[in-house]
Amino acid sequence: NVDDVFLMLDAKTYQADYVSPNAENLLGITVEQIRRDIRVLGKLHPAEHEDPEKNYLEEIKVHEQREWDFEYVHLKTGEKRWFHNIAMGSEVNGKKKYILVMSDRTADKKMNQALSDAVHAAENANQAKSTFLSNMSHDIRTPMNAIIGFTTLAVSNIKNQEKVQDYLSKILSSSNHLLSLINDIIRLSELDSGEDNLLCFEQVDLDEVAGTCVKNLQMNAQKRNVTLYYEGVSCMLRADRGMISELVENLCQNAIRYNNEGGEVHVRVYYEKGQPMLSVADNGIGIPKDQQERIFERFYRVDKSRSKQTGGTGLGLAIVKHIVELHDAVLHLESEPGKGTTITVAF
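Think of each chain on its own: its residues are numbered from 1, step by step along the sequence as written. For a predicted model such as this one, the threshold for reporting local features is a pLDDT of at least 70, and the threshold for listing and counting side-chain atom pairs is 80 or more; totals across whole chains, interfaces and linings nevertheless cover every residue. The side-chain quantities take in all heavy atoms of the structure and omit both hydrogens and water.

Caption draft 1: Just the overall build of the protein chain, in detail. Secondary structure summary: the protein chain contains 8 helices and 12 strands in total. Contacts were defined at the residue level, with two residues in contact if any of their heavy atoms lie within 4.5 Å. Taking the intrachain contacts of the protein chain between residues at least 6 apart in sequence as the baseline, contacts between residues at least 24 apart amount to 61%. Of the roughly 20,400 Å² that the protein chain leaves accessible, carbon and sulfur atoms contribute 50%. Every helix listed is a DSSP run of H or I at least four residues long, and every strand listed is a run of E at least two residues long, numbered separately from the N terminus. Note on areas: Shrake-Rupley, 1.4 Å probe, and residue coverage restricted to the protein chains presented here.

Caption draft 2: Region of the structure containing the pattern of salt bridges. Definition used for salt bridges: Asp or Glu carboxyl oxygen within 4 Å of a side-chain nitrogen of Lys or Arg. Applying the stated criterion across every chain, the model contains 12 salt bridges. Residue Lys 110 pairs with Glu 79 through a salt bridge whose shortest N-O separation is 3.3 Å. In this pair, Lys 110 sits in helix α3 (residues 106–156) while Glu 79 sits in the loop between β3 (65–73) and β4 (80–92), placing the two residues 31 residues apart along the sequence. Residue burial is assigned from relative accessible area. The probe radius is 1.4 Å, only protein chains are included, and a residue is buried under 20% of its type maximum, exposed over 50%, and partly exposed in between. The exposure class assigned to Glu 79 is partly exposed, which follows from its relative accessible area of 29%. Across the pair Asp 166 and Lys 170 runs a salt bridge, and its minimum N-O distance is 3.3 Å. Here Lys 170 and Asp 166 lie together in helix α4 (residues 161–192), a separation of 4 residues that amounts to about one turn. Given a relative accessible area of 34%, Asp 166 falls into the partly exposed group. Among the residues examined, Lys 170 registers a relative accessible area of 36% and is labelled partly exposed.

Caption draft 3: Helix α8 (residues 316–326), seen in detail. With 8 of 11 residues buried, α8 is to be regarded as a mostly interior element. By the burial criterion, the buried members of α8 are Gly 316, Leu 317, Ala 318, Ile 319, Val 320, His 322, Ile 323 and Val 324. Just downstream of α8 lies Asp 328, where phi reads positive at about 55°.

Caption draft 4: Just the side chain of Lys 97, in detail. Note on placement: Lys 97 falls in strand β5 (residues 95–104). Within polar-contact distance, the side chain of Lys 97 engages the side chain of Asp 10 at 3.4 Å. Aside from chain neighbours lying at most four places away, what touches Lys 97 is Met 8, Leu 9, Asp 10, Ala 11, Asp 17, Met 88, Gly 89, Ser 90 and Val 92. A 3.5 Å cut-off defines polar contacts: any pair of N or O atoms within that distance qualifies, except that in protein one atom must be a possible hydrogen donor and the other a possible acceptor, and neighbouring residues in sequence count only when both atoms are side-chain atoms.

Caption draft 5: Molecular detail of the sheet that holds strand β12 (residues 340–346). With respect to topology, 5 strands assemble into an open sheet ordered β7-β9-β10-β12-β11, the strand pairing being mixed. Of all strands in the sheet, those with a lone pairing partner are β7 (227–232) and β11 (330–336), marking the two edges. Within this sheet the neighbouring strands show an average axis-to-axis angle of 10°, counted without direction. As paired elements, strand β9 (residues 264–272) and strand β10 (residues 275–282) share 8 bridges and run antiparallel to each other. If you follow Tyr 271 over to β10, its bridge partner there is Pro 276. Orientation is described by lines fitted to C-alpha atoms, with helices fitted over the stretch in contact, and by angles between N-to-C directions that extend from 0 to 180 degrees. Helix-sheet contacts for helix α5 (residues 206–223) involve β7, β9 and β10, and the interaxial angle to β7 is about 170°. Helix α6 (residues 241–257) rests against β7, β9, β10 and β12 of the sheet, and its axis sits at about 20° to β10. Paired strands, in this sense, are two strands between which DSSP finds at least two bridges.

Remember, this is a structural readout, not a statement about activity or role.
Quick look at the structure:
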């Protein structure tokens, strides 16, 4: 019942004088097979092993000991296992013998790997948290400084109605930006904490949801001198209505925000090979090829100087990616600097 296989071999003939009966359980080789030809142990090595026939016992002297670790494949289950081997030279009745102890360390290896993975995950999480806090602190500080600064100016010029009105307008704008950032952070926190278990899946008409979102964003688009177009057909899918609405809104807001004066945003809902599709296309600034994979990262911005002007939080597309994953959908991006971006979601 132990996790060690014991063998005693003749140093000249390599004939097995003794093989412990647990060999078949731990190695997948019968005692008879080992007694018949010790080279059968070479079959335990994985296919990619460099030298399966290497003799690790060769030249071990009496009272000497040699140790090594090996990855083996159980010949019956095909499972990869890890062994620590100890070979000793000994003399029995005037004849040189090799005593080989093969200790199964698979459980230890898996535990160590699990601990290593846990440490790696913790380090990554800690780094992600540090990056998140650093970005969040910077993004919160910017509108807060504006709010405090313009409030101070308003108090100092309380009798000048025109200046106070201008300051209050800027305070309101900064407050809305701060609220948007906080809302996005809370939303990501909810998704990360597993509150997606509260998803309410139902039959949703993507055309109806997207059309409503586009109508609600028309005024925002007009303020930025961007024309927002919509074209759709009824597309039924099983989804969380609130999250689909959030996804469409974030994609449209992003397309409007990073567009040019007089630019256009085209939102389409359609079927492709029987699959419901959503696409949001703009003719804005576009995204360089080397940055396209990163735009769905939290706080990542292609053009940071433009983000300061437009007020983006850098979290909208991260939320989009999370919602897409929760719905087992597929996200596709096509973009060219100076020509615009098209993001497609296949449900």
